[in-house]
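Coordinate analysis (summary)
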Amino acid sequence: MKFLFDLFPVILFFVAFKFFGIFTATAVAIVATLAQIIYVKIKHGVVEKMLLLSGVIITVFGGATLLLKDPTFIQWKPSILYWLFAAGLLASQFLFNKNPMRSLMEKQIKLPDNIWSTLNIAWALLFTALGFINLYVAFNYSQDTWVNFKLFGITGIMFGFIIVQTIMISKYLPKVEDEGDTK
């Protein structure tokens, strides 16, 4: 459910774009993200830094798109956000000796320190690559292709990455004993 909740503004952006164009879609994405922030604040009392960062970036880049009637700004927004995520992951690990991936996942799985470090760096590399891929698609293909890629391509790449990550760390997952085996 969290995954769908996180995709909520992107899905609304996609639908609004298909029916009303880039400028309406941008306004819808801004409102949807701000609504997410308000909802999370009311429901949980605290808003995650990543959601706040996303809210600031969509408001700034989306606002520039709307004010200047230039879709270039909204096309840069995902790349800027991904690069900030990557920088945050790397800075946390190398400057502050903290591992955000470990903080997010250690309740679900226990891994050796070197694996946590590798996962954190892998996610940073993924976000860095996604930023460049987004710009490549945005400025080498039609706006319609970019919007489709933003929802389906990026989501597919991240889903594939999660599958590969899961396979790679599966040897560290606790073994489930077969309850039917009574011998």
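First, a word on scope: everything that follows refers to the structure included in this document. The model shown is predicted, which means the values in this text are computed figures rather than measured ones.

1. Focus: the packing of aromatic side chains
As enumerated under the stated definition, the model contains 12 aromatic pairs in all. Between Trp-83 and Phe-132, the ring centres sit 4.9 Å apart and the planes meet at 50 degrees, which makes this aromatic pair tilted. Of the two residues, Trp-83 sits in helix α4 (residues 72-94) while Phe-132 sits in helix α6 (residues 113-140), which places them 49 residues apart along the sequence. The partly exposed category is assigned to Trp-83, whose relative accessible area is 23%. Given the relative accessible area of 52%, Phe-132 is considered exposed.

2. Regarding the packing of helix α3 (residues 49-68) against α4
Between α3 and α4, the shortest axis-to-axis distance is 9 Å and the interhelical angle comes to 160 degrees. Between α3 and α4, the interaxial angle falls into the category roughly antiparallel. Note that α3 runs across α4; the crossing there is right-handed. Residues Met-50, Leu-53, Ser-54, Ile-57, Ile-58, Phe-61, Gly-62, Ala-64, Thr-65 and Leu-68 of α3 lie in contact with α4, whose contacting residues are Phe-73, Ile-74, Trp-76, Lys-77, Ile-80, Leu-81, Leu-84 and Phe-85. When its residues are assigned to classes, the contact of α3 with α4 shows 14 nonpolar, 3 polar and 1 charged.

3. Quick look at the nonpolar core
Counting 40 residues, the largest nonpolar core has Phe-13, Trp-123, Phe-127 and Trp-146 as the members making the most contacts within it. Breaking this core down by element, the ones donating at least two residues are α1 (2-20), α2 (22-44), α3, α4, α5 (100-105), α6 and α7 (143-169). Those residues in contact with Trp-123 that sit more than four places away from it in its chain are Leu-89, Met-101, Met-158, Phe-161, Ile-162 and Gln-165.

4. Concerning the side chain of Thr-65
Among the secondary structure elements, Thr-65 is positioned in helix α3. At 2.8 Å, the side chain of Thr-65 and the backbone nitrogen of Ile-74 are in polar contact. Setting aside chain neighbours within four positions, we find Thr-65 in contact with Phe-23, Thr-26, Asp-70, Pro-71, Phe-73 and Ile-74.

5. Topic: the packing of α6 against α7
α7 packs onto α6 with a crossing angle of 160 degrees between their chain directions and a minimal axis gap of 11 Å. Relative to α7, α6 is oriented roughly antiparallel. The element α6 and its partner α7 pack so that their crossing is right-handed. Here Ile-115, Leu-119, Ala-122, Trp-123, Leu-126, Phe-127, Leu-130, Ile-133, Asn-134, Val-137 and Ala-138 of α6 lie close against α7, whose contacting residues are Thr-145, Trp-146, Phe-149, Ile-154, Ile-157, Met-158, Phe-161, Ile-162, Gln-165 and Ile-169. Grouping the amino acids of the contact of α6 with α7 by side-chain chemistry returns 18 nonpolar, 3 polar and no charged.

6. Points about unusual backbone geometry
Not every positive phi belongs to a glycine, and Lys-69 is a case in point at roughly 55 degrees. Here Lys-69 shows up in the loop between α3 and α4. Phi at Asn-97 is positive, roughly 55 degrees, even though this residue is not glycine. By the element assignment, Asn-97 lies in the loop between α4 and α5. The exposed category is assigned to Asn-97, whose relative accessible area is 73%.

7. Observations regarding the pattern of salt bridges
For the structure shown, the criterion picks out 3 salt bridges. Among the salt bridges present, the one from Lys-18 reaches Asp-144, with a minimum N-O distance of 2.5 Å. In this pair, Lys-18 sits in helix α1 while Asp-144 sits in helix α7, placing the two residues 126 residues apart along the sequence. The exposure class of Lys-18 is partly exposed, given its relative accessible area of 35%. In this structure, the salt-bridge partner of Glu-106 is Arg-102, at a minimum N-O distance of 3.6 Å. Using a relative accessible area of 27% as the deciding quantity, one classes Arg-102 as partly exposed. Through salt bridges that share partners, Arg-102, Glu-106 and Asp-113 make up one connected network.

The rules behind the values
- Residues numbered from 1 in each chain as written.
- Predicted model: local features only at pLDDT ≥ 70, side-chain atom pairs only at ≥ 80, totals over all residues.
- Heavy atoms only, no water.
- Phe/Tyr/Trp six-rings, centres within 6.5 Å; stacked < 30°, edge-to-face > 60°.
- Helix = DSSP H or I, 4+ residues; strand = E, 2+ residues; numbered from the N terminus.
- Buried < 20%, exposed > 50% of the residue type's maximum accessible area, 1.4 Å probe, protein only.
- Axes fitted to C-alpha atoms, helices over the stretch in contact; angles between N-to-C directions.
- Parallel < 35°, antiparallel > 145°, perpendicular 65-115°, else oblique.
- Left-handed = near helix turned anticlockwise from the far one by under 90°.
- Contact = heavy atoms within 4.5 Å.
- Nonpolar A, V, L, I, M, F, W, Y, C, P; charged D, E, K, R; others polar.
- Core = buried A, V, L, I, M, F, W, Y, C linked by side-chain atoms within 4.5 Å.
- Polar contact = N/O pair within 3.5 Å; in protein donor to acceptor, adjacent residues only side chain to side chain.
- Salt bridge = Lys/Arg side-chain N within 4 Å of Asp/Glu carboxyl O.

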